[in-house]
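A closer look at the structure
In case you want the letters, here they are:
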Amino acid sequence: MDILARRLTIITLLMAIFAIMLAAAVETDYRRNAHNSNGKLVACSAPQMCRASI
C-alpha cells in the first residue's frame, strides 16, 4: 500500500507541475496577443474627433 501511495503522490505532483506550466504558457500567449492601444500613435482622419491617449 505504501508503494501505491508513493506512486500516486508522484503522479499527482507531476500533474500539478504540468498544470502550472500549461497555465503559464496560456497566460503568456494571451498577453502576447492582447491588443493594447495605449501609447501608440494612430492616424486620425478627423483631427477634431481624436483624443490623445497616454
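Details of the structure are given in the entry above.
The model shown is predicted, which means the values in this text are computed figures rather than measured ones. (Residues numbered from 1 in each chain as written. Predicted model: local features only at pLDDT ≥ 70, side-chain atom pairs only at ≥ 80, totals over all residues. Heavy atoms only, no water.)

On to the overall build of the protein. Each helix and strand counted, the protein has one helix and zero strands in total. Residues classed as buried in the protein amount to 0% of the 54 residues present. With the model as given, the accessible surface of the protein reaches about 5,700 Å², and the carbon-plus-sulfur share is 66%. (Helix = DSSP H or I, 4+ residues; strand = E, 2+ residues; numbered from the N terminus. Buried < 20%, exposed > 50% of the residue type's maximum accessible area, 1.4 Å probe, protein only. Areas by Shrake-Rupley, 256 points an atom, 1.4 Å probe, with all protein chains shown as cover.)

Attention now moves to the pattern of salt bridges. When charged atoms on two side chains of opposite charge get close, those side chains can pair. Per the counting criterion, the structure on display carries one salt bridge. Between glutamate 27 and arginine 31 there is a salt bridge; the shortest N-O distance is 3.0 Å. Note that glutamate 27 and arginine 31 are positioned in helix α1 (residues 2–33) at a spacing of four residues, about one turn of the helix. (Salt bridge = Lys/Arg side-chain N within 4 Å of Asp/Glu carboxyl O.)

What follows deals with a nonpolar patch on the surface. A contiguous nonpolar patch, built from Met1, Leu4, Leu8, Ile11 and Met15 and spanning about 590 Å² of accessible area, is present on the exposed surface. Counting through the fold element by element, isoleucine 11 comes out in helix α1. Overall, isoleucine 11 belongs to the partly exposed group, its relative accessible area being 45%. (Patch = residues over 30% accessible without salt bridge, like charges linked within 9 Å, V, L, I, M, F, W, Y side chains within 5 Å.)

Another point: the environment of threonine 28. Assignment of secondary structure puts threonine 28 in helix α1. In this structure threonine 28 comes out as partly exposed when scored by relative accessible area, which is 42%. At a separation of 2.8 Å, a polar atom in the side chain of threonine 28 contacts the main-chain carbonyl oxygen of alanine 24. (Polar contact = N/O pair within 3.5 Å; in protein donor to acceptor, adjacent residues only side chain to side chain.)

Take it as geometry only, folks, not as evidence of what the structure does.
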